[in-house]
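Letter by letter, the chains look like this.
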Amino acid sequence: MRPIPFAGTWGTSSSICYQLANEQISESGDPELEGLSKKQAKKKMKELVGPRAQSIAEQIAERLASDDDFASAEASNGYINIEFDTQRFANRVVGTIGDQASEYGRGEKKADKVMVEYSQPNTHKAFHIGHLRNATLGNTLCRIMDLAGYEVQKANYIGDIGMHVIKCLWCYERFHQGEEPELSARGRWLGDIYTESDQRVNFRQDVLTLLNELANNDPAFVAMVDRMVKELYQVHDVGEDVAYLLGQIANKREIKDESFYDQGTIPKFWPIVGKQLHVNLEMSRGERERHDDIEDEIPQPSQYEEWIERWDLLGSRMDWWPHVNAWREEIKAEFQRWERKDPDFVSLWETTKQWSMVDFHRIYDEIDVTFDTWFYESEVEEPGREIVKDLMEREIAEISEGLPVVKIDEKLGLEKETYRTMPVLRSDGTTLYSTKDLALTKHKFEEYGVDRSIWVVDVRQGLYFQQIFKIMELMGFEQAEKCFHLGYEMVTLPSGAMSSRSGNVILYDDIAREVLERAREIIDEKNPELPDAQKDDIAHDVGIGSLKYSMLSRDNNRVIVFDVEESLSFDGHAAPYIQYAHARACRILEKVDVMPSGELTFADLTAEEIDLIQQIAIFPTEIQRAAEEYKPLYIATYVFELAKKFNDFYRACPVLQAEEPTRAARVALVNATRQVLANGLAAIGIEAPEVM
RNA sequence: GCCCCCGUAGUUCAGGGGAUAGAACGGCGGCCUUCUAAGCCGCAUGUCGCAGGUUCGAGUCCUGCCGGGGGCACCA
C-alpha cells in the first residue's frame, strides 16, 4: 500500500490486482494460452493481465465503496485507489500531532540496546570536513534510532595515540619546543605541526614523486634530460649519480631514494629542473618554438604551473634533504619513549592531548553533537596485548613473517580468498589499530552488554571491519553477527582527495567561520532590526545547519565533492529552505490569539492541503524506515519535501484571511506542520529558528 | 588477480518491483499594495553506461561487459 501517486489525492493505492490477475490466469489455464509456445504464452499473458487486473479492481472497488471508512474507492488502470474521509483523517493526524508535540514520530520502545561508535578523531591532527561528515552522519543516525524507539549508546573513540601522535610530538620537541600557541587554537596549531612532521619525513619521497611524474608525463622534460644532466655534471661535478638520473629519466624508470650515493645530487639538480620547467611552460604557452625531437603532445600550461608550484615549495625546503633518514630514526626512538612510558614524554603527551580535546569539545558544542561514552586508544593498548596473547594460546593467531597474524580464511576453511590475513601486533611488539579495536570490541560486548554494535567509519575500512568481526566470531562472541560497519564515502575537493600534507584540505574551523559570516550578512540584510545576540543565534542555526545538511543530503555510499561556493549558498535544496518554511509557519502562528481546539472542519480541501496533511502523516513511518536501514538521508529528504509542500500550501491557501471554519482548520494545520518541521529538523540535528 | 562502491537532465543529486522517472543548481521569462521574495510560477534539455536474463511489470532484482573511484600483511 502506497500513497496514490497524483498530487491532490489523499489515500492509498494498491497494485494487488495485478498479482491476483496473474495468479488467476496462470492457474486457471486460460483457453487463450493453450497450445502456445512459452514465448508466445508470455506475450499473451502480458496482454491479458492488464484488463483482468482492471476488472478485479472494479469488483473490489465496488465493494469497498460502500464501506463507511473510505470516502471513495475506484479502479484505475488496474490499481485500486482508496480515498480517505478527509474530515476524519485530517482531524486524526492534526490532533495526534497536537497531543504528542515534540514526541510526534517516536516509535514503540525496542528491546535492542545499540551502540553507535562515530567521530573517532585523532588528537594532534586537525578536524576537517571529512570528520564533519562522519560526526554528522553518526550523530543523526543516533537521533533517528533514538526517536524510532531504540536504546542508543553514542560512543566516541579518540585516537589519542599511534604513529601520528609520535610524529607530531617529535616535530614539536625537535623544532617548536617552547613556542606558545594561541590559547584558543592550540589543537589546530598541533595539527599544523603534525602536517609539518609528515612533510619532513616524506620530503624525499615527495621530491622523487615529482621527478618521476615529470619523467612520465612531460616529453619536453625527458627530451632535455641530456642537457640538464650535463649541466649538473659540469657545474657541480657530482659523479656517478648523474648516470643514474640520466638512465632512469630517459627510460622512464622509477627513480628510487636508496640509489643515490651523494646527498648533494638532488639539491644541486633542483634549480636545473626548475629552469627547464619554466622553459617548457613558455613553450606550452606558444611563446617559444617547439623542439623538433618532441613528438608527443606537450602538457597544458596549467599543468606546468602546477608542477612549478610544487617544485618551488619543495625547493624552499631542500635543506631537509640530507636529514630525512635521520629523522625517521628519531621518530622510531620517540616511539620507544612512549613504549617505556618515559615520564617526560607522557607528560608532554597528556598536555598536548588536552589541547586537541579542548578544540574537539568546542567543535562538538558548535555542531551540537554529543556522546554518552568516550573511549581512548591509549586505554586499550594493554587489553589489546592480552587479547593477542589469548589468540596465540588458542592458536587462532600464529607467527608469520615475524609477527602475530590471524589467517582468517584458513581458520574459517574458506577456499576463496575473502578475509585474508590480519596482522594483530607489530613485529617489535607495539600495538596496531587492530590490536586496540579487538580489545575495544570485546569491552563493548562484555562491559556494556550491547546487543547491536554499529561503527560509523569511512568505507575504505570495509575489509578491515569484516576481519575484526570474523576474529571476534572465531573467539566465540555471538554478538559478532550483530556488528555492522556503516561505511560512508570520502569528502573530496574539486582539486582531488584531501591531504593535509599537500595542503589540499578544508578545515572545519575555516569553512565554519566563512559560512557563519555569510549567514550573518544575510540576516543583517533581511532582518536588520533584530538584536545582535539573536542575529548571532540565527546565523549559527542557518550556517551550521546548512553545512550539516550538505553532508546528509547525499547517500553515504556516494563521494561528496565539496564545493565551497555551493556550501556557502543558502538557496534551493539546503537547510535554510526548510528552516525558512518553519519560520514562515511561526510568523503566521504568532498572529493567532487563540489556538483552535476540538473538532475542526476539513472540508473542500485544496490539493495543497491534502498533500501537506499526507506528508505530515507519514513522518513516524519514515523515521522507522530510516532507522531500520541506517539512512539519515531519508529524513533529510523527507523534511525538504515537507517544506516544499508547506510552501505550496502557503502560496495557495491564505490562513489568517480565510473565513471560519476554514481559518481554524488551516491554523491548526500550520501549527501541526510547524511541529513536524521542528521534529524532522531535530531528528537530523538541525535547529529550527523561529525568525529568519 | 580477488573484493566493494558509483554510472539517471548541461551540472549536483533523489527515486521502497508498480501508473506519465523527479528535485536543486545554472540558463531564459514572469510574480512583492495580500500571513517574510532565504519564497513562488512558467519554459528548455533524459538511448536511466551497454548487452542479456528473471517478472504480468525493471532506473530498481540477477549475470556479463565498459567507464570512474576505492580496498587487499606490520597506516588508521
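Residues numbered from 1 in each chain as written. Chains lettered and ligands numbered in written order. Predicted model: local features only at pLDDT ≥ 70, side-chain atom pairs only at ≥ 80, totals over all residues. Heavy atoms only, no water.

Caption draft 1: Examining helix α5 (residues 163-175) more closely. Taking 1.5 Å per residue as the helical rise, α5 with its 13 residues ought to reach 18 Å, and the 18 Å between its terminal C-alpha atoms agrees with that figure. Buried residues of α5: H164, V165, I166, K167, C168, L169, W170, C171 and Y172, and no others. (Helix = DSSP H or I, 4+ residues; strand = E, 2+ residues; numbered from the N terminus. Expected span 1.5 Å × (residues − 1). Buried < 20%, exposed > 50% of the residue type's maximum accessible area, 1.4 Å probe, protein only.)

Caption draft 2: Layout of empty space enclosed by the protein. Tallying each qualifying case throughout the model produces 4 cavities of 30 Å³ or more. What lines the largest cavity is simply K125, A126, F127, G187, R188, D359, F360, I363, L507, Y508 and D509. Breaking the lining of the largest cavity down by element, the ones donating at least two residues are α6 (186-201), α14 (343-367) and α19 (508-526). When residues of the lining of the largest cavity are assigned to their parent elements, the largest contribution, 3 residues, is made by α14. Taken together, the residues that form the lining of the largest cavity break down as 6 nonpolar, 1 polar and 4 charged. The calculated volume of the second largest cavity comes to roughly 60 Å³. In this structure, the second largest cavity is lined by E366, I367, D368, H540, D541, I544, G545, K548, G685, I686 and E687. Taken together, the elements giving at least two residues each to the lining of the second largest cavity come down to α14 and α20 (532-552). Per-element tally for the lining of the second largest cavity: the top contributor is α20, with 5 residues. For the lining of the second largest cavity, a count of residues per class yields 3 nonpolar, 3 polar and 5 charged. (1 Å grid on protein atoms, 1.4 Å probe; cavity = no way out; pocket = protein on both sides within 12 Å on 5 of 7 lines; lining within 4 Å. Points joined across faces, edges and corners; volume = space filled by probe spheres on them. Nonpolar A, V, L, I, M, F, W, Y, C, P; charged D, E, K, R; others polar.)

Caption draft 3: Representation of the side chain of S14 within the structure. Along the chain, S14 falls in strand β2 (residues 11-14). From its side chain, S14 meets the backbone nitrogen of I16 in a polar contact 3.1 Å long. (Polar contact = N/O pair within 3.5 Å; in protein donor to acceptor, adjacent residues only side chain to side chain.)

Caption draft 4: Region of the structure containing the domain arrangement of chain A. Domain boundaries assigned for chain A yield domain 1 (2-84), domain 2 (198-326) and domain 3 (508-683). Placing a centre on the C-alpha atoms of domain 1 and another on those of domain 3 gives a separation of 38 Å. Taken together, the 6 residues of domain 1 in the interface contact 5 residues of domain 3. Buried surface at the junction of domain 1 and domain 3, both sides included, amounts to about 510 Å², of which 64% is carbon and sulfur. Counting the surface domain 1 buries against domain 3, the share from its top three residues, P3, G8 and W10, is 80%. The interface formed by domain 1 and domain 3 contains 1 residue pair in polar contact (both at pLDDT 80 or more). A breakdown of the residues in the side of domain 1 that touches domain 3 according to their chemical character gives 3 nonpolar, 3 polar and no charged. (Domains from an automatic or database assignment. Contact = heavy atoms within 4.5 Å. Buried area = accessible area lost by both parts, 1.4 Å probe.)

Caption draft 5: Structural context of a negative patch on the surface. A contiguous patch of negative charge, built from E514, E517, E521, E525, D563 and E565, is present on the exposed surface. Of the residues forming the negative patch, the biggest block, 4 residues, is contributed by α19. Along the chain, E525 falls in helix α19. (Patch = residues over 30% accessible without salt bridge, like charges linked within 9 Å, V, L, I, M, F, W, Y side chains within 5 Å. Areas by Shrake-Rupley, 256 points an atom, 1.4 Å probe, with all protein chains shown as cover. Salt bridge = Lys/Arg side-chain N within 4 Å of Asp/Glu carboxyl O. Lys, Arg positive; Asp, Glu negative; His and termini not counted. Charge placed at Lys NZ, Arg CZ, Asp CG, Glu CD.)

Caption draft 6: How the structure looks around the layout of surface pockets. Of the pockets and cavities examined, the largest pocket occupies roughly 1100 Å³. Considering the residues around the largest pocket, the lining is formed by 41 residues, among which N122, K125, H128, H131 and D458 are closest to the centre. Contributions of two or more residues to the lining of the largest pocket are made by α4 (129-148), α5, α6, α17 (433-448), β11 (452-458) and β13 (491-492). No other element matches the 4 residues that α6 contributes to the lining of the largest pocket. When its residues are assigned to classes, the lining of the largest pocket shows 16 nonpolar, 17 polar and 8 charged. Along the walls of the second largest pocket sit 27 residues, with R2, P3, I4, G11 and Q614 positioned nearest its centre. Grouping the constituent residues of the lining of the second largest pocket by class yields 13 nonpolar, 10 polar and 4 charged. Each of domain 1 (2-84) and domain 3 (508-683) accounts for three or more of the residues forming the lining of the second largest pocket.

Caption draft 7: Summary view of the pairing of strand β4 (residues 79-84). Where β2 lies against β4, 4 bridges are found, and the strand directions are antiparallel. The residue bridging T12 from the neighbouring strand is I82, located in β4. Taken together, the 6 bridges between strand β3 (residues 70-76) and β4 define a ladder with antiparallel strand orientation. The partner of A75 across the bridge, within β4, is I80. The turn linking β3 back onto β4 is made up of 2 residues, and N77 within it adopts a positive phi angle of 60°. (Pairing = 2+ DSSP bridges.)

Caption draft 8: The nonpolar core, seen in detail. V116, I129, M145, I454, V456, Y508 and F562 are the most contacted members of the largest nonpolar core, which totals 105 residues. Top element by residues in this core is helix α26 (residues 662-683). It accounts for 11 residues. What I454 contacts, discounting residues up to four positions off in sequence, is V114, M115, V116, E117, L141, M145, F484, L486 and Y630. Core analysis: the next-biggest nonpolar cluster, separate from the first, contains 61 residues, C168, A220, I255 and V273 among them. (Core = buried A, V, L, I, M, F, W, Y, C linked by side-chain atoms within 4.5 Å.)

Caption draft 9: Structural detail: the protein's contact with RNA strand B. With respect to spatial proximity, 71 residues lie near RNA strand B, and among them Y79, R420, K526, Y580 and R587 are the closest. Backbone atoms, meaning sugar and phosphate, make up 57% of the atoms of RNA strand B lying within 4 Å of the protein. Take E622: an N or O atom from its side chain is 2.6 Å from a base oxygen of RNA strand B. Residue contributions to the surface near RNA strand B peak at 9 residues, all from helix α25 (residues 632-652). Looking at the surface near RNA strand B residue by residue, the classes come out as 33 nonpolar, 17 polar and 21 charged. (Near = heavy atom within 4 Å.)

Caption draft 10: Up close: the packing of helix α11 (residues 265-284) against helix α12 (residues 301-315). The interhelical angle for the contact between α11 and α12, taken along N-to-C directions, is 160°, at an axis separation of 9 Å. As summarised for this structure, α11 and α12 are arranged roughly antiparallel, according to the angle between their axes. For α11 against α12, the interelement crossing comes out left-handed. Two secondary-structure elements touch here, α11 through W270, P271, V273, G274, L277, H278, N280, L281 and S284 and α12 through P301, Y304, E305, W307, I308, W311, L314 and G315. Here the contact of α11 with α12 is composed, by residue class, of 11 nonpolar, 5 polar and 1 charged. (Axes fitted to C-alpha atoms, helices over the stretch in contact; angles between N-to-C directions. Parallel < 35°, antiparallel > 145°, perpendicular 65-115°, else oblique. Left-handed = near helix turned anticlockwise from the far one by under 90°.)

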